[in-house]
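One letter stands for each residue in the lines below.
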Amino acid sequence: MTDDAGGDAFERVTSEVAERVDPGSEERERLRAVADTLVERARRAATERCPDADVLRVGSTARDTWISGDRDIDVFVRFPTGLDRETLERYGLAVGHETLPEGREEYAEHPYVSGEFEGFDVDVVPCFRVESATGTRSAVDRTPFHTRYLQERLDDELASEIRLAKGFLKGVGIYGSDLRTRGFGGYLTELLVCAYDGFRELCEAAADWQPPVELDPEGHGRESFADPLVVIDPTDPERNVAAVCSAESVARFQHHARDLLADPRAELFEPDDPDPLSAEVVAGHVERRESTPLALSFPAPDLVDDQLYPQLRKSLAGIARELEDRGFDVLRTATFAAEDAVLLVELAVASLPAVERHEGPPVAVRSHAEGFYDAYADEPAAYGPYVEGGRYVVEREREFTSARAFLESDRLFDVALGAHVETALEEDYDLLVGENLAALADPFGAELARYFDPSP
């Protein structure tokens, strides 16, 4: 596409964005100095405990694919495989606390220390120094291989293309491999740009993707995956780097890639955070839609997002499925969390007649038909059984005539809920119906703004 001046609009826009996302020399030097200090601290602390230990930086700042303004430094402390796991964890925490005296202990597959140092967010992570990524003893053991693989293949131009891709994915809201976002993580983004040899080329390819999309940079994959996007890890033939990336995120990337190619503009590289809705505006949306939103609000379980959001989604899916099975027409669902968590189900049909139609087996299937007939023949609340279309039919009393009554009953706990969510709901929850949804505007005004003004 060309602009009015006859130039290439895509190149003009990405050149403009590159000036913003590429770190300057002063910023690079500042990060380098801080990182060197941290690495040296960690090296001294590690070798005091284990002379064969070594320390290296990993992640985007080590690969020069970080965006200006990013403040993350990842320091990995590698111990020999002869160490047992308990000793590695003990040494790793000790090294982490000496490197970051004000740091706090976090836990992924095993504990590590996280904190702030001179304005940078720092993780000090212990791992085993394995021979290959296929011989890992913990998930983090493969991370140094990712860094080495990319460092051997990236030049300044390709690193700049990766920064553009990351800026774009952040701008459209699908950057991150955490289980809340379920988008494109840093390593995945880097591999995609490398595979297509540039950001523009990636967008052009993505615009025509027909999921499932499969890429195998090293041609060594040994496993099959059912994910919408499959990128075989160049360092591990049995791993899909894109496993976390949801079908929704893949589709959103396709939409925005097409949009950028058709109408290049810098605004797509900048997050468009909506203004929070007021309670009055929320109530207005509910009234205008003439639907019935129901929201379960409860204290959020004390879990990290990567544990909380899968449980929230499982619980929401279970509730929506049960409501559908009971005849209530689910229009849309959403979940969000802060101090409280919310499971929101919007219904097109929220109340039903007192009876429901229940079809039995064909009359000709004697054993099943007789059992069905006998079960309802003497049921005073049932209409029938009668014969229609060759089978028995009964109109029986409906257990719940409103979705609200179901969600206020103990039958809610027959649904497939996340374990911690179920416990929280058993302790206490509020059910907000209709315009009462406006009570959520204070803590979740931005989330409700996205809900009532949805976009790709």
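Located above this text is the structure these notes cover.
Residues numbered from 1 in each chain as written. Predicted model: local features only at pLDDT ≥ 70, side-chain atom pairs only at ≥ 80, totals over all residues. Heavy atoms only, no water.

(A) How the structure looks around helix 1 (residues 9-21). Look at helix 1: 18 Å from first C-alpha to last across 13 residues, which is about the 18 Å you get at 1.5 Å a residue. All of the buried residues along helix 1 are Ala9, Phe10, Val13, Thr14, Val17, Ala18 and Val21. Here the buried residues of helix 1 occupy an arc of 165° about the axis, which is enough to place them on one side. The secondary structure elements touched by the buried residues of helix 1 are helix 6 (156-171), helix 8 (199-206) and helix 9 (247-262). Looking at where helix 1 begins, the residue whose side-chain oxygen comes 2.9 Å from the main-chain nitrogen of Phe10 is Asp8. (Helix = DSSP H or I, 4+ residues; strand = E, 2+ residues; numbered from the N terminus. Expected span 1.5 Å × (residues − 1). Buried < 20%, exposed > 50% of the residue type's maximum accessible area, 1.4 Å probe, protein only. Arc of directions from axis to C-beta. Contact = heavy atoms within 4.5 Å. Polar contact = N/O pair within 3.5 Å; in protein donor to acceptor, adjacent residues only side chain to side chain.)

(B) Representation of the packing of helix 10 (residues 279-289) against helix 15 (residues 441-452) within the structure. Where helix 10 contacts helix 15, the axes come no closer than 10 Å and their chain directions differ by 40°. Between helix 10 and helix 15, the angle is such that the two are oblique. In terms of crossing hand, the pair formed by helix 10 and helix 15 is left-handed. From helix 10, Ala279, Val282, His285, Val286 and Arg289 reach across to helix 15, where they touch Ala441, Leu448 and Phe452. (Axes fitted to C-alpha atoms, helices over the stretch in contact; angles between N-to-C directions. Parallel < 35°, antiparallel > 145°, perpendicular 65-115°, else oblique. Left-handed = near helix turned anticlockwise from the far one by under 90°.)

(C) Inspection of unusual backbone geometry at higher detail. Cis rather than trans, the peptide bond between Pro211 and Pro212 has omega equal to 5°. Along the chain, Pro212 falls in the loop between helix 8 and strand 6 (213-215). Look at the link from Gly384 to Pro385: it is a cis peptide, with omega at 5°. The phi angle at Arg182 is positive, at roughly 55°, despite the residue not being glycine. Within the element layout of this structure, Arg182 appears in the loop between helix 6 and helix 7 (186-196).

(D) Structural view of the sheet that holds strand 5 (residues 120-128). Ordered by their spatial adjacency, five strands build an open sheet running 1-2-5-4-3, and the pairing between neighbours is mixed. Among the strands making up the open sheet, the edge pair consists of strand 1 (54-58) and strand 3 (104-107). Geometrically, the sheet is characterised by an average inter-axis angle of 30° between neighbouring strands, direction not taken into account. The sheet strands contacting helix 4 (residues 85-99) are strand 2 (72-79), strand 3, strand 4 (111-117) and strand 5, and the helix crosses strand 5 at an angle near 155°. (Pairing = 2+ DSSP bridges.)

(E) Region of the structure containing the side chain of Thr99. Its location among the elements puts Thr99 in helix 4. For Thr99, a relative accessible area of 0% puts it in the buried group. Of note is the side chain of Thr99, whose polar atom sits 2.8 Å from the backbone oxygen of Val95. Once residues within four sequence positions are removed from consideration, Thr99 is found in contact with Leu38, Arg41, Ala42 and Val124.

(F) Up close: the nonpolar core. With 43 residues, the main nonpolar core has Phe184, Phe199, Trp209, Leu229 and Phe253 as its most contacted residues. Of all the elements in the fold, those that place two or more residues in this core are helix 1, helix 5 (143-151), helix 6, helix 7, helix 8, strand 6, strand 7 (229-233) and helix 9. In terms of residues, this core owes the most to one element, helix 6, which gives six residues. In terms of nonpolar packing, the next biggest core, distinct from the first, is built from 34 residues, Leu323, Ala341, Phe413 and Leu417 among them. (Core = buried A, V, L, I, M, F, W, Y, C linked by side-chain atoms within 4.5 Å.)

(G) Local environment of the side chain of Ser409. When you line up the elements, Ser409 lands in the loop between helix 13 (403-407) and helix 14 (419-427). Here Phe406 takes part through its backbone oxygen, which lies 2.8 Å from a polar atom of the side chain of Ser409.

These figures come from the coordinates and say nothing about function on their own.
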